[in-house]
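# Residue-level structure breakdown
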Amino acid sequence: MPRYVLGLDSSTQSLSSMLLNIDSGEVVDDRALNFDTILPQYGTENGVMRDADPMVVHSSPVMWAEALDILFRQMKDEGLPLSEVVAISGSGQQHGSVYLRDNIEVALANLADAPSLSEAVRPCLSRDSAPVWMDSSTHAECEEIRATMGGKAAMVAATGSDCFERFTGPQIRKFAKQAPTAYGETAHIALVSSFVSSLIAGKVSAIDVGDGAGMNLMDIAHLDWNEEALNATAEGLGNKLPAVKASHEVLGNVSPYFVQNYGVNADALAVVWSGDNPCSLIGLGLVEPGLMAISLGTSDTMFGAMSTCNTDPRGEGHVFGSPAGGYMTLLCFKNGSLAREKIKDQYNLDWDAFSQALRDTPLGNDGKMILPYFEPEIVPRVLTPGVHRKNLSEEDVAGNCRAVVEAQMMSMRLHSEWMGERPAAIYATGGASANAEIIQIMANVMGAPVYLFESTNSAAMGAALRAAHALDVAEGGEGDWKAIVAPFAKPVHSSKVEPQAEAVAVYNEQMKAFAAFEAERVS
Ligand code: ADP
Ligand code: XUL
């Protein structure tokens, strides 16, 4: 009988899944459900709920649970071989946190009796909504935690990252300060990844070394909770967190809920989930150091594997545990697809017209530049949103389209210089990697060839491959990462996009002007 593994991805805008046949090396199913479209009753826009305060961005754990039911129902109704799935894992948008009362333990143990996942979870939340990675409302808490830890360098050395507004520790501290009673009633704090994996496993789930590193709470050298950071964050926090585990940890078998309702194989292993960036690393086959990846999702991220724990002296980049062992480095730019969409929508364009504008404008955009901080930016750190233009009028539609993409790519090049040599090649993924003109600008600015993948959903692919790896290890295999990823995680043979000959000289010059413009506007 063929063996299938299932990878899920609970991301900012959608829940997606990838079903792989690990015996034939085939992708059997690749699907996505957009939260705004399938669950409009939650009132999300691009997957999130906005507050009157623009710094506050939350989403709904109940919505994530409901989406999971809809996805499994669809897969069952379409006759996918769920009874032959041998392992399930997943990926979650990083940093977001879910606050649960102690009744979650009984609710998860008795999931099979529940009418739906959303109804099982709703009474267990000690906080209705979950702050997500787009939330930047914890500046004060970052300063407090950083000071207690002994400053930026000490924080980076302890946890792999400086304190960041979206990281889970500062978010937990804000909740504990603002709602001490509800914080006191919180028995378990989960990440998005560990929350959804708790539903799959029917028990409160561990956090893995990849997603755990995005909390400002995990000791990056020892890959376990850092007591000092826990104490600097909130009282009694250690008791509310699950254990940190390796990314191949098996939590148990899938909850009987999925067996009864959707015919999932009762022996399927429920494997710990990880963050979307660690999962993408695996989904692109970057199981050892070498190439870099750029993901053009809601945020744009740039990441790669590292054998040792190399931290960013400027404190802009992060170090996470890699699911393949060792470490990964990550830079996250919040104004990614978000900013491209803002420009596209401001001029009433569709993606075809946006691409045409990129074709109609020259390399380097005649020196026209933009700093597209529609939202507070993470890299470089910009707390007050604002869009700044240089040599560029707001009426210049095509010029603005090229300016936003060039600015994003130049910013990636500028802020990744600390990593050392520029990459010899780049693997691109995420929704916007489907856009050929954006990819050409990426190759030109980075001065490196870019390769594409059949699916733009590397996070769900990585989750499925992590499930396959955990299965192999659980069965006494060697967990040979290269062999596990080889059939699936390879770029499309004919997808190589080379930099244009004249681009290198143009962007070497343009980079200087861009760096000066950024320095002028970002203190
Ligand atoms: P996430 O995983 O963060 O939810 P995805 O990787 O699914 O995001 O990417 C979704 C984004 O991809 C959309 O917000 C959209 O802006 C962008 N996108 C989709 N198609 C195109 C295109 N042809 N050109 C540029 N951007 C696109
Ligand atoms: C990474 C980050 C985002 C989220 C959502 O640090 O904040 O990439 O993981 O994709």
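Note that the structure is predicted; figures quoted are calculated from it, not measured.

## Some thoughts on the site of ligand 1
What surrounds ligand 1 is a group of 13 residues, the closest being Ser11, Thr298, Glu341, Gly431 and Asn435. Between Glu341 and ligand 1, the recorded distance is 2.3 Å, taken from a side-chain N or O atom to an oxygen atom. Against a free-state accessible area of 580 Å², the protein chains account for coverage of 75% of ligand 1. For the shell around ligand 1, the residue count by class is three nonpolar, nine polar and one charged.

## Some remarks on the packing of helix α5 (residues 139-149) against helix α6 (residues 152-159)
Between α5 and α6, the shortest axis-to-axis distance is 8 Å and the interhelical angle comes to 85°. Our classification of the angle between α5 and α6 gives roughly perpendicular. Mapping the contact onto sequence places Ile145, Arg146 and Met149 in α5 and Lys152, Ala154, Met155 and Ala158 in α6. Looking at the contact of α5 with α6 residue by residue, the class counts come to five nonpolar, no polar and two charged.

## Focus on the state of the cysteines
For the structure shown, the criterion picks out zero disulfides. Of all cysteine sulfurs in the structure, the one in Cys163 sits closest to Cys142, which takes part in no disulfide; the separation is 5.2 Å. You can call Cys142 buried: its relative accessible area is 1%.

## Observations regarding the layout of surface pockets
Estimates place the volume of the largest pocket at around 850 Å³. Along the wall of the largest pocket there are 40 residues; nearest its centre are Leu296, Gly297, Thr298, Gly430 and Gly431. Of all elements in the fold, only β2 (14-21), β3 (26-34), α13 (276-283), β17 (292-296), β20 (327-333), α14 (337-346) and α18 (458-474) reach the threshold of two or more residues within the lining of the largest pocket. A total of four residues in the lining of the largest pocket trace back to one element, the largest contributor, which is β3. Each residue belonging to the lining of the largest pocket can be placed in one class, and the counts come to nine nonpolar, 24 polar and seven charged. Contributing to the lining of the second largest pocket are 20 residues, with Gly290, Met292, Ala305, Met419 and Glu421 lying nearest its centre. Element by element, the count of residues in the lining of the second largest pocket is highest for strand β18 (residues 300-306), at four residues.

## Quick look at the nonpolar core
Core analysis: the largest hydrophobic core is formed by 96 residues, its most contacted members being Leu217, Trp225, Leu296 and Met442. Looking at this core element by element, the count peaks at nine residues for helix α16 (residues 397-415). Excluding residues that lie within four positions of it along the chain, Met442 makes contacts with Ile294, Leu296, Met409, Ile426, Ala428 and Val450. In this structure, Leu39, Leu117, Ala130 and Ala268 belong to the second largest nonpolar core, which totals 59 residues.

## What to know about the sheet that holds strand β4 (residues 49-50)
The strand order across the open sheet formed by three strands is β4-β5-β8, and the pairing between neighbours is antiparallel. Every interior strand has two partners, whereas the edge strands, β4 and β8 (130-131), have only one. Alignment of strand β5 (residues 57-59) against β8, held across two bridges, turns out to be antiparallel. Residue pairing in the sheet places His58 in a bridge with Pro131 of β8.

## Description of the site of ligand 2
Ligand 2 sits among Gln94, His95, Trp133, Arg166, Asp276, Asn277, Ser299, Thr301, Leu330 and Cys332. Here an oxygen atom of ligand 2 and a backbone polar atom of Gln94 are 3.0 Å apart. Comparing atom positions with the cavity grids shows ligand 2 to sit within the largest pocket. Taken together, the elements giving at least two residues each to the shell around ligand 2 come down to α13 and β20.

## Thoughts on the pattern of salt bridges
Per the stated rule, a full pass over the model turns up 22 salt bridges. A salt bridge links Arg359 to Glu437; the shortest N-O distance between them is 2.6 Å. Within this pair, whereas Arg359 is found in helix α15 (residues 351-360), its partner Glu437 is found in helix α17 (residues 436-446), the two being separated by 78 residues in sequence. The class for Glu437 is buried, based on a relative accessible area of 18%.

## Thoughts on the packing of aromatic side chains
Aromatic rings considered in pairs are described by the distance between their centres and by the relative angle of their planes. Taken as a whole and judged by the stated rule, the model has 10 aromatic pairs. Measuring from centroid to centroid gives 4.7 Å for Tyr99 and Phe175, while their planes differ by 55°, and the two rings are tilted. In this pair, Tyr99 sits in strand β7 (residues 97-100) while Phe175 sits in helix α7 (residues 168-178), placing the two residues 76 residues apart along the sequence. Both rings, one in Tyr257 and one in Tyr262, keep their centres 6.2 Å apart while their planes meet at 70°; by these two values the pair is edge-to-face. With a relative accessible area of 2%, Tyr257 lands in the buried category. One aromatic cluster in this structure is built from Phe72, Tyr257, Phe258 and Tyr262. Geometry around Tyr99 places Arg127 over its ring, the cationic atom sitting 5.0 Å from the centre. Residue placement shows Lys344 over the ring face of Trp351; its charged tip is 5.0 Å from the ring centre.

## Focus on the pairing of strand β21 (residues 369-373)
Across the five residues of β21, five count as buried, placing the element largely inside the fold. Residues Met369, Leu371 and Tyr373 of β21 are buried on one face, and the alternating residues Ile370 and Pro372, pointing to the opposite face, are buried as well. Relative to strand β22 (residues 386-390), β21 runs antiparallel, the two being bridged by five bridges. Residue pairing in the sheet places Pro372 in a bridge with Val387 of β22.

Rules and cut-offs
- Residues numbered from 1 in each chain as written.
- Chains lettered and ligands numbered in written order.
- Predicted model: local features only at pLDDT ≥ 70, side-chain atom pairs only at ≥ 80, totals over all residues.
- Heavy atoms only, no water.
- Near = heavy atom within 4 Å.
- Polar contact = N/O pair within 3.5 Å; in protein donor to acceptor, adjacent residues only side chain to side chain.
- Areas by Shrake-Rupley, 256 points an atom, 1.4 Å probe, with all protein chains shown as cover.
- Nonpolar A, V, L, I, M, F, W, Y, C, P; charged D, E, K, R; others polar.
- Axes fitted to C-alpha atoms, helices over the stretch in contact; angles between N-to-C directions.
- Helix = DSSP H or I, 4+ residues; strand = E, 2+ residues; numbered from the N terminus.
- Parallel < 35°, antiparallel > 145°, perpendicular 65-115°, else oblique.
- Contact = heavy atoms within 4.5 Å.
- Disulfide = S-S within 2.5 Å.
- Buried < 20%, exposed > 50% of the residue type's maximum accessible area, 1.4 Å probe, protein only.
- 1 Å grid on protein atoms, 1.4 Å probe; cavity = no way out; pocket = protein on both sides within 12 Å on 5 of 7 lines; lining within 4 Å.
- Points joined across faces, edges and corners; volume = space filled by probe spheres on them.
- Core = buried A, V, L, I, M, F, W, Y, C linked by side-chain atoms within 4.5 Å.
- Pairing = 2+ DSSP bridges.
- Sits in = over half its atoms within 2 Å of the grid points.
- Salt bridge = Lys/Arg side-chain N within 4 Å of Asp/Glu carboxyl O.
- Phe/Tyr/Trp six-rings, centres within 6.5 Å; stacked < 30°, edge-to-face > 60°.
- Lys NZ or Arg CZ within 6 Å of the ring centre and 35° of its normal.

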